[in-house]
Structures are given as structure tokens and as C-alpha cells.
Amino acid sequence: MSIPSFLINQERLPKILKSEFEFWVHNFGQRPIPEAQDLRAFFIQWFAVFAPECFEQSLVKEISAFACEMKQHADFMRRKWYELLPIEIALYALSSDSSWINIARANLNHHNSGLRMFALKSLLLVVDRLRFDDPHLLAPVRDNLERGHMGAKETALFLCMTQGEPEMKQTQIKQWMDQVMNSYDREKLQELFNGEFMPNPFLHHITQFTCYISLRLASHETLLQSILFPEMLEEQNSTIPDEFQLKLPIILESIIWQRMNDHPIFQPFIKLEKVKT
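About the thresholds
- Numbering of residues starts from 1 in each chain and follows the order in which that chain's sequence is written.
- A pLDDT threshold of at least 70 governs which residues receive local features in this predicted model, and a stricter bar of 80 or more applies before side-chain atom pairs are shown or counted, although totals over entire chains, interfaces and linings include all residues.
- Each side-chain value is derived from all of the structure's non-hydrogen atoms; neither hydrogens nor water enter the calculation.
- Using a 1 Å grid laid over the protein atoms alone, points where a 1.4 Å probe fits but cannot get out form a cavity; open sets with protein on both sides within 12 Å along at least 5 of 7 lines form a pocket; any residue with an atom within 4 Å of a point counts as lining.
- Grid points are joined across faces, edges and corners, and a volume is the space filled by probe spheres set on the points.
- Comment: elements are numbered from the N terminus, with helices defined as DSSP H or I runs of at least four residues and strands as E runs of at least two.
- Residue classes follow a fixed rule: Ala, Val, Leu, Ile, Met, Phe, Trp, Tyr, Cys and Pro count as nonpolar, while Asp, Glu, Lys and Arg count as charged, and any other residue, Gly among them, counts as polar.
- With a 1.4 Å probe rolled over the protein chains alone, any residue whose accessible area is under 20% of its type maximum counts as buried; one over 50% counts as exposed, and the rest are partly exposed.
- What makes two residues a contact is simply this: any of their non-hydrogen atoms within 4.5 Å.
- Here a polar contact means two N or O atoms within 3.5 Å. Within protein one must be a hydrogen donor candidate and the other an acceptor candidate, and residues neighboring in sequence count only if both atoms are side-chain atoms.
- Pairs were defined over the aromatic rings of Phe, Tyr and Trp, the Trp ring being its six-membered one, requiring ring centres within 6.5 Å. Orientation was assigned from the angle between planes: stacked under 30 degrees, edge-to-face over 60, tilted for the rest.
- Two limits define a charge over a ring: the Lys NZ or Arg CZ must be within 6 Å of the ring centre, and within 35 degrees of the ring normal.
- Convention adopted: a line fitted to C-alpha atoms gives each axis, helices being fitted over their contacting stretch, and angles between N-to-C directions are expressed from 0 to 180 degrees.
- Any angle that falls under 35 degrees is termed roughly parallel, while one over 145 is termed roughly antiparallel, one within 65 to 115 roughly perpendicular, and all others oblique.
- Each crossing is labelled by how the near helix is turned from the far one, with a counterclockwise turn of less than a right angle marking it left-handed and a clockwise turn marking it right-handed.

A.B. asks: When you look at the layout of surface pockets in this model, what are you seeing that I'm missing?
C.D. replies: Any space left empty among the atoms is revealed by the rolling of a water-sized probe across them. Each pocket or cavity is described by its volume, and for the second largest pocket that value is around 210 Å³. Lining of the second largest pocket is provided by 14 residues; of these, Cys-160, Met-161, Lys-169, Lys-271 and Glu-273 occupy positions nearest its centre. Only α9 (166–179) and β2 (269–270) provide two or more residues apiece to the lining of the second largest pocket. Taken together, the residues of the lining of the second largest pocket break down into seven nonpolar, three polar and four charged.

A.B. asks: Please explain helix α6 (residues 113–123) as it appears in this structure.
C.D. replies: Helical geometry note: an α-helix holds 3.6 residues per turn, so side chains three or four residues apart project in the same direction. Most of α6 sits out of view: eight of its 11 residues are buried. Every buried residue belonging to α6 is among Leu-115, Arg-116, Phe-118, Ala-119, Leu-120, Lys-121, Ser-122 and Leu-123, and all of these are buried. Of the surrounding elements, those touching the buried residues of α6 are α2 (35–50), α4 (76–95), α5 (102–106), α7 (135–147), α8 (152–160) and α11 (203–218). At the N-terminal boundary of α6, the capping side chain belongs to Asn-112, with an oxygen 2.8 Å from the backbone nitrogen of Gly-114.

A.B. asks: Would you mind going over the side chain of Thr-162 with me for this structure?
C.D. replies: Position of Thr-162 relative to the elements: it lies in the loop between α8 and α9. Owing to a relative accessible area of 3%, Thr-162 belongs among the buried residues under this scheme. Polar side-chain contacts of Thr-162 include one of 3.2 Å to the backbone nitrogen of Phe-132.

A.B. asks: Honestly, the packing of aromatic side chains in this entry has me stumped. Any pointers?
C.D. replies: Given two aromatic rings, their pairing is described by the distance between the two centres and the angle made by the two planes. Counted under the stated rule, the structure contains 15 aromatic pairs. The interplanar angle of 90° and the centroid separation of 5.4 Å between the aromatic rings of Trp-81 and Tyr-82 together place this pair among those described as edge-to-face. Assigned by exposure class, Trp-81 and Tyr-82 land together as buried. Among the aromatic residues, ring-to-ring pairing joins Phe-43, Trp-46, Phe-47, Phe-50, Tyr-212 and Phe-266 into one connected group. Sitting over the ring of Phe-193, Lys-174 keeps its end group 5.9 Å from the ring centre. Positioned above the aromatic ring of Phe-197, the side-chain terminus of Lys-271 is 5.5 Å from the ring centre.

A.B. asks: I would appreciate a short explanation of the packing of α9 against helix α10 (residues 183–193) in the present structure.
C.D. replies: The description of two helices packed together rests on the angle between their axes and the distance between the axes. Axis separation between α9 and α10 bottoms out at 10 Å; the angle between their running directions is 160°. With respect to each other, α9 and α10 are oriented roughly antiparallel. The element α9 and its partner α10 pack so that their crossing is left-handed. Seen from α9, the contacting residues are Gln-170, Ile-173, Lys-174, Trp-176 and Met-177; seen from α10, they are Arg-186, Leu-189, Gln-190, Leu-192 and Phe-193. Here the contact of α9 with α10 is composed, by residue class, of six nonpolar, two polar and two charged.

Structure below.
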């Protein structure tokens, strides 16, 4: 797929990431949590997943230090844990340290449906890094199906997008169909087991993320998008020696574009791979 002819301004973008984080920290703890607060956190998470090269190490340390400080707070597990989730997932994307996703995994079957779905929403962008056979994911998904929780099917679909052999996934789905309480969920699992295309139920969340990212980058507060992403005319490209082009920061815009195209969360459908015979 062709990509837009622009270069990402890696001097200005780190400043915007730092600004978003500082705004998020400034508003941390407000009740009710403003919608903008969640969007700022997902802005940071999106770049942590698709453009980690744009994070300065000083900012990563700052984010990590704040998260660790909040987790030591006496009120953390009662009121603060869920607001921190998207930032914890961002730190997981930046470090591959699985301890940052422990709370999100543990709350995929939370008794509160809103918190349950927010935990799922927080994990969407790292679904391709998770393992289907992770017991910390399998247990809450099974619990959701057995209890007939609202959104149980979505947690199962999410898990089917993770890494894992098709045979293992089909075997597990067969077991789920014997355990699931809700007949509608059972019907959808059967369709998935049969290899049918399932509409991706998470695209509306991703659309919300990307709309905010676009508006944020285009805002006057952080410079116009045309400045943030300076266009490169074809005739300008032709004047840059190949040797110099190779020294640019790994032609980051094409890598980001490819990462997005390859990510399962951007696909319109969810479908199990065919089991090899």
C-alpha cells in the first residue's frame, strides 16, 4: 500500500507527547474522569505502540516514575487503578515488561461492566503481543463466558486475535461453547469455530483514538499538522542522495504505516486461521 509522502518531525512530536502526559498528570484523580483524560492517555499509548522511537528516554522515565508512585498510593486499588491502565499498557509497549499489564489482565472479568470493558479497551493496541495460552487471559475470559457477563463474546474475540496456533484456539473455543451460559455468545463462538468472518467490534474504539490524535496534532496549541508533518515534494526527494536518505531516522513514517496496516486491531474482520491438516 502506498504511503503519504511526509516525514515525521521527531523534534516536535516528543514535545507534544510530553505535553499530553503533563496535562494527563495535572488532571489525574478528577471525578468523574473527563473523557479528554482517557483520550490523552490513549494518545500516549498509541505512539508507544506504533512509534516508540519518538519517546525520549527522559519522558519514559517520567511516565514510569509517576505510575510506580501511584501504585504505591493507599487509595490506588480502590479508586486510581483504572485511570492508570492505558498508561501502564503504554509502558508495557515501551518495555515489554509484563508486570505493566497485570492489573488489566486481572480485571477483564471485573464485576463492574464499565471497568471490565475499560480493561479490555486498554489492552486493544497490544493484542498482537499477547499469547492466547496466557493463563492470566484465559481465566477471566472463561469466567465471563460462564457467568454470561455483558461483553463476554468481545473478550473471547479479543483473545482470538492474540498470538497462538490455530489448533490451540479451536480446541479452546470448543471448550468455551460447552461452558458458555449465553446462547447468543455460544452461537457467535460457533461461527468463529466454523471459520466464518466476524465483524471487528473494536474498530469504533480505534476510530475514537485516531480522531483525537488527528485533532490533537492539528491543534494550534501544538502547531499546525502541516508543520508537524512537513510534506516532501517529489522534486525534493529526487535531490536527496540515497546515502543521506539512509541516514534519516529509519524512514519512520513508512514503518509506522506498516505497523498499523499489519496490526490485527485495524482489520475489519476477525477470523481464525484454518487448521492445517
